[in-house]
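Spelled out from the first residue to the last, the chains are:
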Amino acid sequence: MGELRRVRSGTADAGIGFSGNQKTFRPKKSAPSGSKVDKWYYSIGVANVFPLCLQGAQLRKHIDATLGSGNLREAVRLPPGEDINEWLAVNTVDFFNQVNLLYGTLTEFCTPESCPTMTAGPKYEYRWADGVQIKKPIEVSAPKYVEYLMDWIEGQLDDESIFPQKLGTPFPSNFKEVVKTIFKRLFRVYAHIYHSHFQKIVSLKEEAHLNTCFKHFILFTNEFGLIDKKELAPLQELIESIIVPY
Ligand SMILES: [Zn+2]
């Protein structure tokens, strides 16, 4: 089942009509995944991998169909028979790629000069700490914060003891906690984009894409209880407009 997220990871934004001024902020996670699949494919043999690829393709098809129909609420649900941790893992990689691409369109506008601190409106400021290398939270510019954040997430996704790639390797017991921290941090990038760069997003004609990505993100986190309510405060009204209509 470990194949699922590898199959999905390269196609995160392919179907959502993202165009214009697209600059990949850090494409590491999406671009080389194919080669990883290939390597694995060759090392364990075609016969073993083929059913997994089918499984992954089916999952992809399921998500494309539900996303394509515009029913995001349906798209976030755990497909019948699918392992919850696999589903969380596949989607975590996808949302990471999506935020990477979104923020990537803003890198020339989100600079240490324009955004000397990582804020989400006048009331919220984030300071960076990863609890390992940086234990005491430090105040950094928004682009630096996002760099730390994305590097940290990438480190988690690449850590096979957290996101196992081999078939049958169990997920760690704290897997959901790690996923929750990843989503909490991805949310902060959305919060900064909405509060500090929404006008730029509008001028780039990306607001429909941003809103769709964010809606999908919020419905997913809401479905699986991934972000605490207090963390969502900077975008509370927007979130209520997404959740309430259903
Ligand atoms: Zn900024």
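Right above here is the structure, for reference.
Residues numbered from 1 in each chain as written. Predicted model: local features only at pLDDT ≥ 70, side-chain atom pairs only at ≥ 80, totals over all residues. Heavy atoms only, no water.

**Q** Talk me through the packing of aromatic side chains; I want residue IDs and the actual numbers.
**A** Summed over all chains, the structure comprises 17 aromatic pairs. Ring centres of Phe 95 and Phe 183 lie 5.7 Å apart, and the angle between their planes is 70°; on these two criteria the pair is classed as edge-to-face. Placement of Phe 95 in helix α5 (residues 84-104) and of Phe 183 in helix α7 (residues 175-203) is noted, with a sequence separation of 88 residues between them. Accessibility assignment for this pair places Phe 95 and Phe 183 in one class, buried. A ring pair is formed by Trp 128 and Tyr 145, whose centres lie 5.4 Å apart and whose planes are at 90°; its orientation type is edge-to-face. One end of the pair, Trp 128, is in the loop between β2 (125-126) and α6 (142-158); the other, Tyr 145, is in helix α6, and 17 residues separate them in sequence. For Trp 128, a relative accessible area of 1% translates into the label buried. Through a chain of ring-to-ring contacts, the aromatic side chains of Phe 95, Phe 183, Phe 187, Tyr 190, Tyr 194, Phe 198, Phe 214, Phe 217, Phe 220 and Phe 224 assemble into a single cluster. (Phe/Tyr/Trp six-rings, centres within 6.5 Å; stacked < 30°, edge-to-face > 60°. Helix = DSSP H or I, 4+ residues; strand = E, 2+ residues; numbered from the N terminus. Buried < 20%, exposed > 50% of the residue type's maximum accessible area, 1.4 Å probe, protein only.)

**Q** Describe in detail unusual backbone geometry, supporting the description with residues and values.
**A** Of all residues except glycine, most have a negative phi; of all peptide bonds, most are trans. The phi angle at Lys 205 is positive, at roughly 60°, despite the residue not being glycine. By the element assignment, Lys 205 lies in the loop between α7 and α8 (207-224).

**Q** Give a description of the nonpolar core that names residues and reports values.
**A** In this structure, Phe 187, Tyr 190, Phe 214, Phe 217 and Phe 220 are the most contacted members of the largest nonpolar core, which totals 59 residues. Of all the elements, α7 adds the most residues to this core, at 13 residues. What Phe 220 contacts, discounting residues up to four positions off in sequence, is Val 76, Trp 87, Leu 88, Asn 91, Phe 95, Phe 183 and Leu 226. (Core = buried A, V, L, I, M, F, W, Y, C linked by side-chain atoms within 4.5 Å. Contact = heavy atoms within 4.5 Å.)

**Q** Kindly report on the pattern of salt bridges, identifying the contributing residues and their values.
**A** Close approach of charged atoms allows side chains with opposite charge to pair. Counted under the stated rule, the structure contains five salt bridges. Between Glu 125 and Arg 127 there is a salt bridge, with its nearest N and O atoms 3.6 Å apart. For Glu 125, a relative accessible area of 36% corresponds to the partly exposed category. Classification of Arg 127 by relative accessible area gives partly exposed; the value is 47%. The salt bridge involving Glu 231 is made with Arg 188; its shortest N-O contact spans 3.2 Å. Taken as a pair, Glu 231 in the loop between α8 and α9 (236-243) and Arg 188 in helix α7 lie far apart in primary sequence, 43 residues in all. Under the relative-accessibility criterion, Arg 188 is labelled buried at 12%. One network of salt bridges, in which partners are shared, links Glu 125, Arg 127 and Glu 139. (Salt bridge = Lys/Arg side-chain N within 4 Å of Asp/Glu carboxyl O.)

**Q** How would you summarise α5 if you had to cite specific residues and measurements?
**A** Across its 21 residues, α5 extends 30 Å between first and last C-alpha, which sits within 8% of the 30 Å expected from 1.5 Å per residue. Counting buried positions along α5 yields 19 of 21 residues, so the element is predominantly enclosed. The backbone nitrogen of Asn 85 lies 3.1 Å from a side-chain oxygen of the residue at the head of α5, namely Asp 83. (Expected span 1.5 Å × (residues − 1). Polar contact = N/O pair within 3.5 Å; in protein donor to acceptor, adjacent residues only side chain to side chain.)

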